[in-house]
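Report on the structure
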Amino acid sequence: MYQTKIAGLGSYVPENVVTNDDLSKVMDTNDAWIQERTGITERRHIKKGDGNSTAVMGMKAAKVALERSGISKDDIDLIVFATLSPDYYFPGCGVQVQEMLDIHTCPALDVRNQCSGFIYALSVADQFIKTGMYKNVLVIGSENHSGGLDFTTRGRGVSVIFGDGAGAAVLTQSDHNGQGILSTHLHSEGKHALELSLKGPSTMHWVPEIIAENPQGDDIPYYPYMNGQFVFKNAVVRFSEVIMEGLQANGLEVKDIDMLIPHQANLRISQFIQQKFKLEDDQVYNNIQKYGNTTAASIPIALTEAWEEGKVKEGDTVVLAAFGSGFTWASAVIKW
Ligand code: UT7
């Protein structure tokens, strides 16, 4: 069996900064509520005409990751792209990035596991590398949330939280035994699928039907729905479980964590986990304050920034953990 290591990381966020005060101009919300409940002060939104899309942002993050990895695009054996906000129903964003980066005819796979999407994608890539089927895999998480949120007061419980951006990692076979991804742990519980969901437009809810069924537009299923408190309660339990599962699988303890990178769902969730595990501030990385919740992009953006700031170093034990729509949850334990 081979082992997988992260050879290069990259991220990209659109230039357009949207503050809490900006949102309070278009809906009934305020900076104090958003900061108190989520920790978010600002997020990035694609601006019409700036050329960005989910695939384009993913491509920009991937370019940086490729450059830093020293691995040529011509040596990429597989692209795995995680998103809940693809440019099109089909084809997926993976093949779009392949075309944009002029990567040869390797396989490209889209992963649809929302907030856990990046760890699912990492796990898929890891299995292919471990077995020796592929050597170099480009993994991307990218989201264009702002293109599909309800920016009226009706949507405020969801729309203030989410932001746009992308992160990417180039994975390769590790030369050193013991360095790289030690394990990944994936879970889902479909009975709560609709507690955080976007029902349409879809094959079940097509646009003319939606409009016909909702002439007043008061119960519109083409914006995301989130049962916030229910999601929150499940998140804190599943985050804790899956972090412990990852540690135990590798004979590690909480004190061995050098850096925990939680999916940036809500600063209050990260703080809950930090307190529960009695971790110091420098053992947990958060940047939701600047970017909001970027779903599949949040972990690779945070991991890239932590690495750029020198907070993830060779020999460190790094734990990634996520929970979100599906419900899905996951963790990865990495020896850097
Ligand atoms: O990444 C995917 C996973 N997602 C998550 O993990 C999110 C988990 N959930 C949460 O983070 C929180 O539930 C939220 C931040 C989404 C909401 O916080 P909450 O403390 O659960 O608030 P709430 O939904 O219970 O709403 C409390 C009040 C309500 O008003 P009333 O009924 O008490 O009068 C809402 O209408 O706050 C109101 N409210 C707002 N007020 C100002 C909801 N959204 C807003 C807003 N601005 N943006």
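No experiment lies behind these values; they were computed from the predicted model shown. (Residues numbered from 1 in each chain as written. Predicted model: local features only at pLDDT ≥ 70, side-chain atom pairs only at ≥ 80, totals over all residues. Heavy atoms only, no water.)

Bringing the environment of Ser146 into the picture now. Here Ser146 shows up in the loop between strand E6 (136–143) and helix H6 (156–159). Residues Ser146 and Gly163, 17 residues apart in the sequence, show an inter-C-alpha distance of 6.6 Å. (Helix = DSSP H or I, 4+ residues; strand = E, 2+ residues; numbered from the N terminus.)

In the numbering used here, UniProt assigns the feature "active site" (unreviewed entry) to Cys115, His263 and Asn293. Spanning 179 residues, the annotated positions come together in the fold, the maximum distance between their C-alpha atoms being 8.9 Å. Relative to the helices and strands, Cys115 is located in the loop between strand E5 (108–111) and helix H5 (117–130). Taking the relative accessible area as the measure of exposure, Cys115 reaches 8% and is therefore buried. Residues contacting Cys115, with those up to four places away along its chain left out, are His263, Thr295, Ala322, Phe323, Gly324 and Ser325. With relative accessibility at 1%, the residue His263 sits in the buried group. A polar contact of 2.6 Å, which involves the side chain of His263, links it to the side chain of Ser298. (UniProt positions renumbered as here; feature names shortened; annotations may be inferred. Buried < 20%, exposed > 50% of the residue type's maximum accessible area, 1.4 Å probe, protein only. Contact = heavy atoms within 4.5 Å. Polar contact = N/O pair within 3.5 Å; in protein donor to acceptor, adjacent residues only side chain to side chain.)

On to the site of the ligand, then. Thr29, Arg37, Gln229, Asn266 and Asn293 are the nearest of the 21 residues found near the ligand. One of the side-chain nitrogen or oxygen atoms of Thr29 is found 2.6 Å away from a nitrogen atom of the ligand. In isolation the ligand offers 950 Å² of accessible surface; the protein chains occlude 72% of this area. Secondary-structure elements contributing two or more residues to the shell around the ligand are helix H2 (31–38), H6 and helix H8 (228–249). No other element matches the four residues that H8 contributes to the shell around the ligand. Grouping the amino acids of the shell around the ligand by side-chain chemistry returns ten nonpolar, eight polar and three charged. (Near = heavy atom within 4 Å. Areas by Shrake-Rupley, 256 points an atom, 1.4 Å probe, with all protein chains shown as cover. Nonpolar A, V, L, I, M, F, W, Y, C, P; charged D, E, K, R; others polar.)

All right, on to the pattern of salt bridges then. In total, this model carries 13 salt bridges according to the counting rule given. For Lys25, the salt bridge is made with Asp22, and the minimal N-O distance between the two is 3.8 Å. On the accessibility criterion, Lys25 (66% relative accessible area) is exposed. We classify Asp22 as partly exposed; its relative accessible area is 31%. Taking the shortest distance from any N to any O, the salt bridge between Lys311 and Glu309 comes out at 3.0 Å. Residues joined in a network through salt bridges with shared partners are Lys73, Asp74 and Asp102. (Salt bridge = Lys/Arg side-chain N within 4 Å of Asp/Glu carboxyl O.)

Counting 35 residues, the largest nonpolar core has Leu171, Ile261, Leu303, Val318 and Leu320 as the members making the most contacts within it. Counting residues per element, this core draws most heavily on H5, which supplies seven residues. When residues are assigned to domains, this core turns out to be shared by domain 1 (3–178) and domain 2 (181–335), each giving three or more. If sequence neighbours within four positions are ignored, Val318 has contacts with Met259, Ile261, Leu303, Val312, Ala332, Val333, Ile334 and Trp336. Core analysis: the next-biggest nonpolar cluster, separate from the first, contains 24 residues, Val254, Ile273, Phe327 and Val333 among them. (Core = buried A, V, L, I, M, F, W, Y, C linked by side-chain atoms within 4.5 Å. Domains from an automatic or database assignment.)

Of all eight residues in E6, eight are buried; the element is thus mostly enclosed. Side chains of E6 alternate between two faces, with Asn136, Leu138, Ile140 and Ser142 and Val137, Val139, Gly141 and Glu143 buried alike. Taken together, the five bridges between strand E4 (residues 78–82) and E6 define a ladder with parallel strand orientation. Across the sheet, Phe81 pairs through a bridge with Ile140, a residue of E6. Bridge count between E6 and strand E7 (residues 165–173): eight bridges; the pairing is antiparallel. Paired with Val139 across the two strands is Ala169, which belongs to E7. (Pairing = 2+ DSSP bridges.)

The next thing to look at is the packing of aromatic side chains. In total, this model carries five aromatic pairs according to the counting rule given. Ring pairs connect the aromatic residues Phe230, Phe323, Phe327 and Trp329, which therefore count as one cluster. (Phe/Tyr/Trp six-rings, centres within 6.5 Å; stacked < 30°, edge-to-face > 60°.)

Quick look at the domain arrangement of the protein chain now. Segmentation of the protein chain into domains returns domain 1 (3–178) and domain 2 (181–335). Using only C-alpha atoms to locate each centre, domain 1 and domain 2 end up separated by 14 Å. Opposite the 53 residues of domain 1 that make contact, domain 2 presents 52 residues. Here domain 1 meets domain 2 over a buried area of about 4000 Å², counting both sides, of which 62% is carbon and sulfur. Per-residue buried area on domain 1 facing domain 2 is highest for Cys115, Ile119 and Tyr120; these three make up 16% of the total on that side. The tally of links between domain 1 and domain 2 comes to one salt bridge. A salt bridge links Glu308 to Arg68; the nearest nitrogen and oxygen atoms lie 2.9 Å apart. Inspection of the domain 1/domain 2 interface yields 23 residue pairs in polar contact (both at pLDDT 80 or more). Put simply, the parts of the chain that give the side of domain 1 that touches domain 2 at least two residues each are strand E1 (4–12), H2, strand E3 (42–44), H5, E6, H6 and E7. A total of seven residues in the side of domain 1 that touches domain 2 trace back to one element, the largest contributor, which is H5. (Buried area = accessible area lost by both parts, 1.4 Å probe.)

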